[in-house]
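Residue-level structure breakdown
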Amino acid sequence: MIALEHLAMDHWKIPSFNLQTGEVATMFSESEEVQTQFLDTLLGLREPCAGTVTVLGRNLYHEREASRIAVLARVGTVPENGGLISNLPVCENVLLPAAYHHGSTASACESTVVATLQSIGMSDEDAMHLMVQLPDNLTLFEKRLVALLRLRVQEPLLCIYQSLFDDLDHTAAAQLAQLADDLQKRDARRASLFTGREEEPLAEFCTGPRLTLESIESP
Amino acid sequence: MNKAESPTLQSFASHLFKDVIGYGALAASSVAHLGCLRSPVVRRILYKQIYFTGIEALFPVSMAGLLVGLAVISQMSEVLGSGVALNVRAIKLLVVRELGTLLTALIVLARSGSAVASELASMKQRGEIRALYLMGIDPEDYLIVPRVLGVCISVFVLTFYFQFMATIGGMVVASAIYQVSFVNYIAAFSAALDWNAVLVSMAKSILYGGIIASVCCHHGIYAGHAAAMIPRSTETAMIRTLGLLFLTDAAFAILTV
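Residues numbered from 1 in each chain as written. Chains lettered and ligands numbered in written order. Predicted model: local features only at pLDDT ≥ 70, side-chain atom pairs only at ≥ 80, totals over all residues. Heavy atoms only, no water.

**A short note on the overall build of chain A**
Regarding its fold elements, chain A presents eight helices and ten strands. For chain A, the C-alpha radius of gyration of 17 Å lies close to 17 Å, the compact-globule estimate for 219 residues. Relative to its 219 residues, chain A shows a buried fraction of 54%. In chain A, once contacts between residues fewer than 6 apart in sequence are set aside, the share between residues at least 24 apart is 74%. (Helix = DSSP H or I, 4+ residues; strand = E, 2+ residues; numbered from the N terminus. Rg over C-alpha atoms; globule rule 2.2 N^0.38 Å. Buried < 20%, exposed > 50% of the residue type's maximum accessible area, 1.4 Å probe, protein only. Contact = heavy atoms within 4.5 Å.)

Printed below as a string of structure tokens:
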């Protein structure tokens, strides 16, 4: 799913690593900037200083735009702030990638979204209220929850979560961890990578290999 | 030229040249990506753009058309008398050939061009364009193509609406004020209508729509990540679009005399 070989950027490097089908891995870094840089390198937005990165068998940075986007359509990402589109209400945000790539409709996804929200104890009324909100009115927890719902509807092969548990209380982090775990278990081929700035929740909620970035000292 | 000014002017000219190439590249790329309209998601953005740029502009365009028609006829009547043929000729030259397309483009620029530039710059600043990319959605397909096409369609339709309002509305008001038969106006206008001028007007409206959308999308999507870049990129988009619209209009006026 993900293969890193001697990957290095200006100020950090990472040991060679393979994320296999069905696996969950974590990557810890105290710096949000380093995490963003790592994810951008992974997903082909930034060229690494050294080494190679392949995602779903492709080196995305060197792919043509169309093939890179075709690979990214099978990858689900939850950025730290949820990555929601601010001029779309929550229901359209949830549906966006699935509708764009697979032509999914709101009615086809409604039961999935309702069941997912019920699984964390949200009432139908609260769920309805959430769906019509604009992202700017949501809390950090709600933004990440909506981004997770988006992944649940999209059903990607590879899930990448950036700081999913950071800056949240334990209960909220546990609810998101439960949803991410349910999503991971829905497909035996699926793999997940969690990155985080806080070590404790990553250790508590995610099992599997841990990636550690090593800083490169300036000469 | 002052030596100290030289690098600044050179740098400005170089940036301007690069930007103009960028506007052209963005417009050409939008045409090449028209196939993305097969996606219902992209079509919905197109319909929204037509609604915001076209349908919501009907009222201001109606008012501007009526007032311009009235102003043209009353000024011409004041200076050259109230002859029907003269008024019709004034309407044909000023409204159909020149003012219709330019004023419609200016109204669209003021309402939608600034909105497009600031919306895209704001999306860039919030990391939403990166988020789209990470969802496997080409930002050009999702954000640029429907906006460029929507603005072009809207300017095209609004230009004819403006001309209709200016011609008919102006004639109604003028016939009421100057006691000239409205039917005479219509008959004279139909006889005098130059279809070449209509074709030029159609071409201009599509081109102006393309200029507004390309320049505003370019400055929006390539804005920096800082919040201060949102007003700056909007302002640059407005100024550059105005300049390009006037230049293109002057070029059309010279070439089609």
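**Quick word on the confidence of the model for chain A**
Per-chain confidence: chain A averages 87 in pLDDT, with 99% of residues scoring 70 or above. The weakest mean pLDDT in chain A belongs to strand 10 (residues 214-215) of chain A at 75; the strongest belongs to helix 6 (residues 140-154) of chain A at 94. (pLDDT = per-residue confidence, 0-100.)

**A closer look at the pairing of strand 4 (residues 24-28) of chain A**
Residue and element names in this part refer to chain A. Counted residue by residue, strand 4 has five buried out of five residues, so it is predominantly covered. Residues of strand 4 alternate between two faces, with Val24, Thr26 and Phe28 on one and Ala25 and Met27 on the opposite face, all of them buried. Pairing of strand 4 with strand 8 (residues 191-196) involves five bridges; the strand directions are parallel. Residue pairing across strands places Thr26 opposite Phe194, the latter belonging to strand 8. Looking at chain direction, strand 4 and strand 9 (residues 210-212) are connected through three bridges and run parallel. Bridged to Phe28 within strand 9 is Thr212. (Pairing = 2+ DSSP bridges.)

**Some remarks on the packing of helix 6 of chain A against helix 7 (residues 170-186) of chain A**
Residue and element names in this part refer to chain A. Where helix 6 contacts helix 7, the two axes come as close as 11 Å, and the packing angle between them is 5°. The orientation of helix 6 relative to helix 7 falls into the category roughly parallel. Counted together, Phe141, Arg144, Leu145, Leu148, Leu151 and Arg152 of helix 6 and Ala172, Gln175, Leu176, Leu179, Ala180, Leu183 and Arg186 of helix 7 form the full contact between these two elements. (Axes fitted to C-alpha atoms, helices over the stretch in contact; angles between N-to-C directions. Parallel < 35°, antiparallel > 145°, perpendicular 65-115°, else oblique.)

**Thoughts on helix 4 (residues 106-119) of chain A**
Residue and element names in this part refer to chain A. The first and last C-alpha atoms of helix 4 sit 20 Å apart over 14 residues, in line with the 20 Å expected at 1.5 Å per residue. The elements touched by buried residues of helix 4 are helix 3 (90-102), helix 5 (124-131), helix 6 and helix 7. Positive backbone phi, at 85°, marks Gly121, one or two positions downstream of helix 4. (Expected span 1.5 Å × (residues − 1).)

**Some points on the interface of chain B and chain A**
Facing the 21 residues of chain B at the interface are 30 residues of chain A. On inspection of chain B and its partner chain A, the count reaches four salt bridges. Notably, a salt bridge pairs B:Arg126 with A:Asp136, separated by 2.8 Å at the nearest N-O pair. Elements represented by at least two residues in the side of chain B that touches chain A include exactly helix 2 (40-53), helix 4 (84-125), helix 5 (128-134) and helix 6 (139-178) of chain B. At six residues, helix 5 of chain B tops the list of elements feeding residues into the side of chain B that touches chain A. Among the residues making up the side of chain B that touches chain A, the classes are represented as ten nonpolar, two polar and nine charged. (Salt bridge = Lys/Arg side-chain N within 4 Å of Asp/Glu carboxyl O. Nonpolar A, V, L, I, M, F, W, Y, C, P; charged D, E, K, R; others polar.)

**Side note on the sheet that holds strand 9 of chain A**
Residue and element names in this part refer to chain A. The parallel open sheet is built from five strands, whose spatial order is 6-7-8-4-9. The open sheet has two edge strands, strand 6 (75-78) and strand 9, and neither has a second partner. Across this sheet, the average inter-strand angle for adjacent strands is 15°, counted without regard to direction. Pairing geometry for strand 7 (residues 158-162) and strand 8, over five bridges, is parallel. Pairing of Leu158 across the sheet is with Ala191, part of strand 8. Sheet strands touched by helix 1 (residues 32-42): strand 4, strand 7, strand 8 and strand 9. Its angle to strand 7, the strand with the most contacts, is close to 160°.

**Focus: the environment of A:Ala50**
Residues and elements named next belong to chain A. Mapping Ala50 onto the fold places it in strand 5 (residues 50-55). For the pair Ala50 and Ser29, spaced 21 residues apart in the sequence, the C-alpha separation amounts to 19 Å. In contact with Ala50, not counting residues within four places along its chain, are His6, Leu7 and Ala8.

**Considering helix 2 of chain B**
Residue and element names in this part refer to chain B. Helix length check: helix 2, at 14 residues, gives a terminal C-alpha distance of 20 Å against a target of 20 Å (1.5 Å per residue), a fit within 8%. Of all the positions in helix 2, only Val41, Val42, Ile45, Leu46, Gln49 and Thr53 are classed as buried. Here the buried residues of helix 2 occupy an arc of 145° about the axis, which is enough to place them on one side. (Arc of directions from axis to C-beta.)

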